[in-house]
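Now for the letters of each chain:
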Amino acid sequence: MKSPQFSLLVPLVLAALFSFSWAALPHENFLHCLSLRSNDSSSISRVVFTRQNSSYESVLEARIRNLRFNSTDTPKPLVIVTPTEISHIQATIYCSRKHGLQTRTRSGGHDYEGLSFVARVPFVVIDLINFRSVDIDVENRVAWVQSGAILGELYYRIAERSRTLAFPGGVFYTIGVGGYISGGGFGLLFRKYGTAGDNVVDVQFIDVNGRVLDRKSMGEDLFWALRGGGGGSFGIVLAWKLSLVSVPANVTVFSVSRTLEQNATELIHRWQYIAPRLPDEVYPSVQLRAINSTQDGRRTVVASFVTMFLGTIDELLPLMEQRFPELGLTRQDCTEMSWVQSILYNNGIPNQPLEVLLNRTFRNPVTTPYYKIKSDYVKEPVSETGLNGLFSQLTEEAAASTVIILFAYGGIMDRIPENATPFPHRAGNLYKIFYNVGWLEGDYESSQRRLDWARRAYNYMTPFVSKSPREAYVNYRDLDIGSNNIGYTSYAQASVWGRKYFKDNFDRLVQVKTRIDPENFFKHEQSIPPL
Ligand code: FDA
């Protein structure tokens, strides 16, 4: 019990520590609560930022990747907490619940709809920037990684210790480990080793009551849900124990480009039949963008066949000659390098030192300041006429900075059952389409034109892609496909987008949510609702 004298002193001490007059602010009760809950109020004051604090904006903006969510009318958090201790997170959850504030957890800040730092109700951001340690155990081929680390930090630390170990994570290495694995996580090794979530063996997690749980104490249902059920629904994952996988000392990469005038349509049409059936060691993708034709200056589409292969050039060339001779791959197109260097190659910076992987603010040359994402799954090859219709839209002015990427499926993805984790897009998919609609200007009219284009292209693709449900990838968050109400959630409403992301796994996710967070404290526009 604290003495009455102590209680009176606390607000005075805090006013000094937080360096603003908190008594005048609407969230004063929350801040007061935080100080009372923390063992050492000076330690928590150093990690709490409000608008009165001079670093508030820089802390908020440090992990805003998409400038669509950094305008003057973007709702901002009342408070940002950058915890350094588990007790800070426990106190933030407790005090937010007590004072009716929502929390949003942010690891890398890459959420495509900004849900880790934008909410339309009064809210607090828990930013895990200080929870980012990476411990590699080469002997046992595992790593413990805290959620606030970026994938680049994980790759760098693995590469420091071994050239033949890797983790099946994404190419864009500034993504936060926390959000990425929560949504399943796919990357260059997923035809061989599955999603990132398939390679998680344990977690450290904080629930709505502040309990710290691991796999054993949480039980298999919640452990299942955390490995692909989408971030922000169940609680906060502090750290992940990952299984590391084997890669050869050298992998081979190539990127071969062909325009429409060089038969790109026919090649892509063939690729749809070939790529998903290539050996698990090959990771094929096609990147599509519009350029000016060298022949007549009109807009055309260039298709870049970008592939990574877990083996040597001498092994890859005969394989491609046998399976995809139409591409005309030559030895000069191919380069051998370590697996970690292939990450830099695929980011368009092949000659940078590995230390660039530690740079959280790095922007891939194709990443525009503003963007909107959509995704689709393709189960039957699209006809050449169908492909040409998409290419014709891609040459419109509104799509000038848009990139569409086809990621081949198949490999082990065909052999892992749909319900092994919440990520359900397994057998039967030829490839996934990633529509990355980008633009450079921030005004309303420019944004609307690009958003309209994205929706038109997506509508155009309806007959060619998965149906009932039209599947989508939860890490490519897209609020166009449906969202929860702000005030309350309903199973029926959430099923609309939930089945697209999770198919029948949605029901099990709802059951887990009902058990772990029945009052729906952890919620956002596309969080899993309790029953
Ligand atoms: P962020 O911090 O914004 O979190 C995303 C969501 O997870 C939010 O709802 C958040 O509240 C929640 N969350 C975050 N940390 C949590 C935690 N510790 N516990 C519980 N919930 C948490 N994906 C992919 O699979 N393969 C890829 O190659 C790429 N490439 C790619 C490139 C670029 C440039 C972008 C912007 C995005 C991708 N993605 C991707 C998508 C990416 O995986 C997705 O946006 C992730 O949610 C990002 O995770 P962050 O931690 O960065 O996001």
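Residues numbered from 1 in each chain as written. Predicted model: local features only at pLDDT ≥ 70, side-chain atom pairs only at ≥ 80, totals over all residues. Heavy atoms only, no water.

1. Observations regarding the site of the ligand
Link 1 in the chain: Around the ligand, the surrounding shell holds 31 residues, and the nearest of these are T105, S107, S116, G176 and Y473.
Link 2 in the chain: H110 is positioned such that a nitrogen or oxygen atom in its backbone is 3.1 Å from an oxygen atom of the ligand.
Link 3 in the chain: V237 is positioned with one of its backbone polar atoms (N or O) 2.8 Å from a nitrogen atom of the ligand.
Link 4 in the chain: Protein burial of the ligand: of its 960 Å² of free accessible surface, 96% is covered by the chains.
Link 5 in the chain: Put simply, the parts of the chain that give the shell around the ligand at least two residues each are β3 (102-106), α7 (177-182) and β10 (236-243).
Link 6 in the chain: Considering each element in turn, the shell around the ligand owes the most residues, three residues, to α7.
Link 7 in the chain: Among the residues forming the shell around the ligand, the class breakdown is eleven nonpolar, 17 polar and three charged.
Link 8 in the chain: Residue contributions to the shell around the ligand reach at least three from each of two domains, namely domain 1 (26-127) and domain 2 (134-247). (Near = heavy atom within 4 Å. Polar contact = N/O pair within 3.5 Å; in protein donor to acceptor, adjacent residues only side chain to side chain. Areas by Shrake-Rupley, 256 points an atom, 1.4 Å probe, with all protein chains shown as cover. Helix = DSSP H or I, 4+ residues; strand = E, 2+ residues; numbered from the N terminus. Nonpolar A, V, L, I, M, F, W, Y, C, P; charged D, E, K, R; others polar. Domains from an automatic or database assignment.)

2. Some words on the packing of helix α11 (residues 264-274) against helix α14 (residues 384-394)
The description of two helices packed together rests on the angle between their axes and the distance between the axes.
Link 1 in the chain: At a minimum axis separation of 10 Å, α11 and α14 run at an interaxial angle of 120°. It follows that α11 is oblique to α14 by the angle criterion. Considering only the axes of α11 and α14, their crossing is right-handed. For the pair formed by α11 and α14, the contact residues are T265, E266, I268, H269 and Q272 on the first element and E384, L387, N388 and F391 on the second. (Axes fitted to C-alpha atoms, helices over the stretch in contact; angles between N-to-C directions. Parallel < 35°, antiparallel > 145°, perpendicular 65-115°, else oblique. Left-handed = near helix turned anticlockwise from the far one by under 90°. Contact = heavy atoms within 4.5 Å.)

3. Describing the sheet that holds β10
Link 1 in the chain: Strands sit in the order β5-β6-β10-β8-β9 across an open sheet of five strands; the sheet is antiparallel. Of all the strands in the sheet, just β5 (134-137) and β9 (212-213) have a single pairing partner and so form its edges.
Link 2 in the chain: The sheet contact formed by strand β6 (residues 142-146) and β10 spans five bridges and is antiparallel. By the bridge assignment, V145 is partnered in β10 with W240.
Link 3 in the chain: Lying over the sheet, helix α6 (residues 151-161) contacts β5, β6 and β10, oriented at roughly 35° with respect to β5. (Pairing = 2+ DSSP bridges.)

4. Notes on the packing of aromatic side chains
Think of a pair of aromatic rings as described by two things: how far the centres are apart, and how the planes are tilted against each other in angle.
Link 1 in the chain: Counted according to the given criterion, the structure contains 27 aromatic pairs.
Link 2 in the chain: Aromatic pair Y155 and W339: ring centres 5.1 Å apart, planes at 80°, arrangement edge-to-face. Residue Y155 is found in helix α6, and its partner W339 is found in helix α13 (residues 339-346); the two are separated by 184 residues along the sequence.
Link 3 in the chain: On the basis of relative accessibility, which here comes to 0%, the residue Y155 falls in the buried class. (Phe/Tyr/Trp six-rings, centres within 6.5 Å; stacked < 30°, edge-to-face > 60°. Buried < 20%, exposed > 50% of the residue type's maximum accessible area, 1.4 Å probe, protein only.)

5. Description of the pattern of salt bridges
Link 1 in the chain: Following the criterion strictly, the structure yields 34 salt bridges and no others.
Link 2 in the chain: E113 is the partner of R68 in a salt bridge, and the nearest nitrogen-oxygen pair spans 3.5 Å. Taken together, the residues span a long stretch of sequence, with R68 in the loop between α4 (56-61) and β2 (79-81) and E113 in the loop between β3 and β4 (123-127) at a distance of 45 residues.
Link 3 in the chain: Judged by relative accessible area, R68 falls into the partly exposed class, the value being 21%.
Link 4 in the chain: According to the relative accessible area criterion, E113 is buried, its value standing at 7%.
Link 5 in the chain: Across the salt bridge formed by R449 and E445, the nearest N and O atoms sit 3.5 Å from each other. Taken together, the residues R449 and E445, both in helix α15 (residues 444-460) and four residues apart, mark about one turn of the helix.
Link 6 in the chain: Look at the salt bridges and you will find they share partners, linking R68, E113, K372, K374, R455, D478 and D480 into a network. (Salt bridge = Lys/Arg side-chain N within 4 Å of Asp/Glu carboxyl O.)

6. Notes on the domain arrangement of the chain
When the parts come together, some accessible area is lost, and that loss is often what is quoted as the size of the interface.
Link 1 in the chain: According to the domain assignment, the chain contains domain 1 (26-127), domain 2 (134-247) and domain 3 (251-337 + 368-461).
Link 2 in the chain: Summarising the inter-unit geometry, the C-alpha centres of domain 1 and domain 3 are found 38 Å apart.
Link 3 in the chain: Facing six residues of domain 1, the contacting portion of domain 3 comprises eight residues.
Link 4 in the chain: Interface area for domain 1 against domain 3, summed over the two sides, is near 680 Å², with a carbon-plus-sulfur share of 56%.
Link 5 in the chain: Considering only the side of domain 1, the residues that lose the most area to domain 3 are L67, R68 and Y112, jointly responsible for 69% of the buried surface there.
Link 6 in the chain: Between domain 1 and domain 3 we count one salt bridge in total.
Link 7 in the chain: Here E113 makes a salt bridge to K372, at a shortest N to O gap of 2.6 Å.
Link 8 in the chain: Inspection of the domain 1/domain 3 interface yields four residue pairs in polar contact (both at pLDDT 80 or more).
Link 9 in the chain: Of the residues belonging to the side of domain 1 that touches domain 3, the class tally is two nonpolar, one polar and three charged. (Buried area = accessible area lost by both parts, 1.4 Å probe.)

7. Points about the sheet that holds β2
Link 1 in the chain: Judged by pairing direction, the sheet is mixed, and its four strands sit side by side in the order β1-β2-β4-β3 without closing on themselves. The open sheet has two edge strands with one neighbour each: β1 (48-50) and β3. Shown here is a sheet whose adjacent strand axes are inclined to one another by a mean of 20°, direction ignored.
Link 2 in the chain: The sheet contact formed by β1 and β2 spans three bridges and is antiparallel. Residue pairing in the sheet places V48 in a bridge with V81 of β2.
Link 3 in the chain: Packing against the sheet, helix α2 (residues 28-37) makes contact with β1, β2 and β4, and its axis sits at approximately 170° to β1.
Link 4 in the chain: On top of the sheet, helix α5 (residues 86-98) reaches β2, β3 and β4; it is set at about 170° to β4, its chief contact.

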